[in-house]
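Observations on the model geometry
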Amino acid sequence: MRYIEPHGHMVSRTTDDYRAMTMAGCQAVCEPAFWAGFDRSSAQGFYDYFCQLTQHEPRRASMFGLPHYTWLCINPKESEDLALADEVLAIIPEFMGSPNVLGIGEIGLNKNSRNEMTVLEKHVDLAARNDQLILVHTPHLEDKRKGTRLILDVLKADSRIRPERCIIDHVEEHTVKMVLDDGFWAGMTLYPETKCTANRAIDILELYGDERIWMNSACDWGISVPLAVPQAAQEMKRRGNDARFIDKVVYQNPIEFMSQSPRFTRPEEL
Amino acid sequence: MADRKNILDLYFLDARARLIDIAAFMDRVDRAGGGADFRYDAFREALKSLGDGQPGRAEKVLLAFSDPTNEPIPEATTKAACGAWPGANNG
């Protein structure tokens with residue numbers, strides 16, 4: 001089996017996880033910027049984090065021959081403080097030229113507040129001005145339906161944004177249709193409790209097809225499973241999905257989306 | 001199209017176990033003291049969509065727990081989501 005982990009917060013994971021992922025067939029890992037589980041006290045904290053994402057983490061992944069890509073932003077969980085967000089937005093361009101940066105992400109909303117919306121719009125503008133791909137985090141649990149609708153409205157209101165260059169992550173049964181119908185890519189996050197289980201994700205694939213959609217583990221410091229994608233692929237096989245369908249979802253589709261960035265190289269070409 | 005028997009062969013025991021877990025959870029809540037809770041109210045409301053015999057049950061369950069409003073809130077006073085919408089005046 002071969003697969004790509006298109007959304008993994010590897011700074012939170014052990015080196016053993018890198019080893020397990022590569023042994024399971026992982027060909028590349030992509031790491032969006034996110035919330036550390038606590039609020040950073042200043043823009044300098046983000047500066048250090050962006051250094052970690054663009055310098056240190058690619059070196060750690062390379063110990064296992066694993067290409068590492070990243071996305072930059074201030075996470076919506078830290079977007080209520082507009083002054084801090086502006087400071088962080090100002091330092092992002094310094095890192096955009098790093099060879100492993102694919103775009104702006106994971107931006108989006110958390111509690112669907114006005115300030116979160118303001119910071120989302122600023123990120124979208126930053127991405128548009130710099131021709132960057134966009135990776136979007138949609139809110140958790142009871143906030144997801146409303147937040148996904150608000151996010152899609154922001155993206156569609158900006159004429160510079162092309163939906164095929166944006167992935168809307170963490171979709172579930174009540175949001176996947178609106179995302180795909182508007183022409184965006186959809187990501188399904190495989191979490192044991194709070195997002196999609198493997199079986200629900202496979203149900204969604206069987207109902208909505210295999211175009212513009214991927215699965216990820218979003219493994220981080222919380223309850224999450226770094227091998228969730230290959231485990232889901234195994235479940236697809238058990239359910240009788242054919243090998244080409246599985247390969248498209250877990251390998252070809254992430255490549256198709258991320259190859260829109262000139263920084264992404266197909267694993268077989270490395 | 002998948003064969004129903006195959007799907008049941010694969011998933012019946014797992015679903016059965018989860019259903020018993022839900023039943024035990026509800027018994028546990030009922031045994032416990034305390035007043036009404038919006039999360040449990042939403043839970044019982046969500047259960048109704050399992051028995052209507054119509055497809056799209058997972059989506060209906062998710063919507064039963066979701067914030068149905070469409071406007072941004074004035075300010076985020078917490079980072080966490082609790083799994084059910086507390087209502088417009090209880091966020």
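Everything below is about the structure shown above.
Rules behind the numbers
- Counting restarts for each chain: residues are numbered from 1 in the order of the written sequence.
- For naming, the first written chain is A and the first written ligand is 1, with later ones following in the order written.
- Whole-chain, interface and lining totals are the exception, using all residues; otherwise, since this is a predicted model, local features are given only for residues with pLDDT of at least 70 and side-chain atom pairs are given and counted only at 80 or more.
- Runs of H or I in DSSP of at least four residues are treated as helices and runs of E of at least two as strands, each being numbered from the N terminus.
- The globule rule used here is 2.2 Å times the number of residues to the 0.38 power, and the radius of gyration it is set against is calculated over C-alpha atoms.
- As a rule, residues whose C-beta atom has 12 or fewer other C-beta atoms within 10 Å are exposed, those with 20 or more are buried, and those in between are partly exposed; C-beta atoms are placed from the backbone.
- Contacts are defined on C-beta atoms placed from the backbone: any two residues whose C-beta positions lie within 7 Å are in contact.
- The convention used is that axes are lines fitted to C-alpha atoms, helices contributing only their stretch in contact, and that angles between N-to-C directions extend from 0 to 180 degrees.
- In these notes the angle categories are as follows: under 35 degrees is roughly parallel, over 145 is roughly antiparallel, 65 to 115 is roughly perpendicular, and the rest is oblique.
- In this scheme, a crossing is called left-handed if the near helix is turned counterclockwise away from the far one by less than a right angle; it is called right-handed if the turn is clockwise.
- Under the convention adopted here, Pro, Cys and the residues Ala, Val, Leu, Ile, Met, Phe, Trp and Tyr are nonpolar, Asp, Glu, Lys and Arg are charged, and Gly plus all remaining residues are polar.
- Pairing between strands is defined by DSSP: at least two bridges between the two strands are required.
- Here is how to tell: hold the view so the strands point away, follow the path from the first strand over the helix to the second, and if it runs clockwise the crossover is right-handed.

Considering the overall build of chain B
Counting its regular elements, chain B contains three helices and zero strands. What you see in chain B, going N to C, is helices and strands ordered as α-α-α. For chain B, the C-alpha radius of gyration of 17 Å lies well beyond 12 Å, the compact-globule estimate for 91 residues. Taken over the C-alpha atoms alone, chain B extends approximately 50 × 35 × 25 Å along its principal axes.

Some remarks on the overall build of chain A
Regarding its fold elements, chain A presents nine helices and eight strands. Along the three orthogonal principal directions, the C-alpha set of chain A runs to about 50 × 40 × 35 Å. Across the 270 residues in chain A, those meeting the buried criterion constitute 53%. Summarising the internal contacts of chain A: among those between residues at least 6 apart in sequence, 73% fall at separations of at least 24.

Describing the packing of helix α3 (residues 82-96) of chain A against helix α4 (residues 114-129) of chain A
Residues and elements named next belong to chain A. In the contact formed by α3 and α4, the axes pass within 11 Å of each other and the chain directions differ by 10°. Compared by their axis directions, α3 and α4 come out roughly parallel. Our pair here, α3 against α4, has a crossing hand that is right-handed. Residue-level inspection shows L82, A85, L89 and I92 of α3 in contact with α4, the latter providing N115, T118, V119, K122 and L126. Here the contact of α3 with α4 is composed, by residue class, of six nonpolar, two polar and one charged.

Some remarks on the packing of helix α7 (residues 198-208) of chain A against helix α8 (residues 228-239) of chain A
Residue and element names in this part refer to chain A. Look at α7 against α8: their axes get within 10 Å of each other, and the N-to-C directions meet at 60°. It follows that α7 is oblique to α8 by the angle criterion. Considering only the axes of α7 and α8, their crossing is right-handed. Side by side, α7 and α8 meet where A198, N199, A201 and I202 of the first sit next to Q231, A232, E235, M236 and R239 of the second. Classifying every residue of the contact of α7 with α8 by side-chain character gives five nonpolar, two polar and two charged.

Regarding the pairing of strand β8 (residues 213-216) of chain A
All names here are of chain A. Burial of the side chains of β8 extends over both faces: I213 and M215 are buried on one face and W214 and N216 on the other. Looking at chain direction, strand β7 (residues 185-189) and β8 are connected through four bridges and run parallel. When the bridges of β8 are listed, T189 appears paired with N216.

Here we look at the pairing of strand β3 (residues 68-72) of chain A
Each regular strand shows side chains that alternate between the opposite faces of the sheet. Residues and elements named next belong to chain A. Of all the five residues making up β3, five are buried; the element is thus mostly covered by neighbouring parts of the structure. Neither face of β3 is exposed, since H68, T70 and L72 on one face and Y69 and W71 on the opposite face are all buried. In terms of strand pairing, strand β2 (residues 26-32) meets β3 through four bridges, oriented parallel. Bridging across to β3, E31 finds its partner in T70. The β-α-β motif built from β2, the intervening helix α2 (residues 43-62) and the parallel element β3 has right-handed crossover chirality.

Considering unusual backbone geometry
Across the chain, the bulk of peptide bonds are trans and the bulk of non-glycine residues have phi less than zero. Residues and elements named next belong to chain A. The omega torsion of the bond from G105 to E106 falls at -5°, within 30 degrees of zero and hence cis. Tracing the chain through its elements places E106 in strand β4 (residues 101-108). If you check the backbone angles, N112 has positive phi at about 65° while not being a glycine. With respect to the helices and strands, N112 occurs in the loop between β4 and α4. A positive phi angle, close to 50°, is found at D131, a residue other than glycine. By secondary structure assignment, the location of D131 is in the loop between α4 and β5 (133-137). Residue classification places D131 among the exposed positions, given that 11 C-beta atoms sit within 10 Å.

Digging into the environment of E211(A)
All names here are of chain A. For E211, the location among the structural elements is in the loop between α7 and β8. Residue classification places E211 among the exposed residues on the basis of 11 C-beta atoms within 10 Å. On a C-alpha basis, the gap between E211 and C26 in space is 21 Å, while along the polypeptide they are 185 residues apart.

Overview of the environment of W85(B)
Checked against the element boundaries, W85(B) lands in the segment after α3 (57-65). Remark: the alpha-carbon pair of W85(B) and S66(B), spanning 19 residues in sequence, is separated by 5.7 Å. With residues near it in sequence (within four places) discarded, W85(B) still touches E142(A), F65(B), S66(B) and D67(B).

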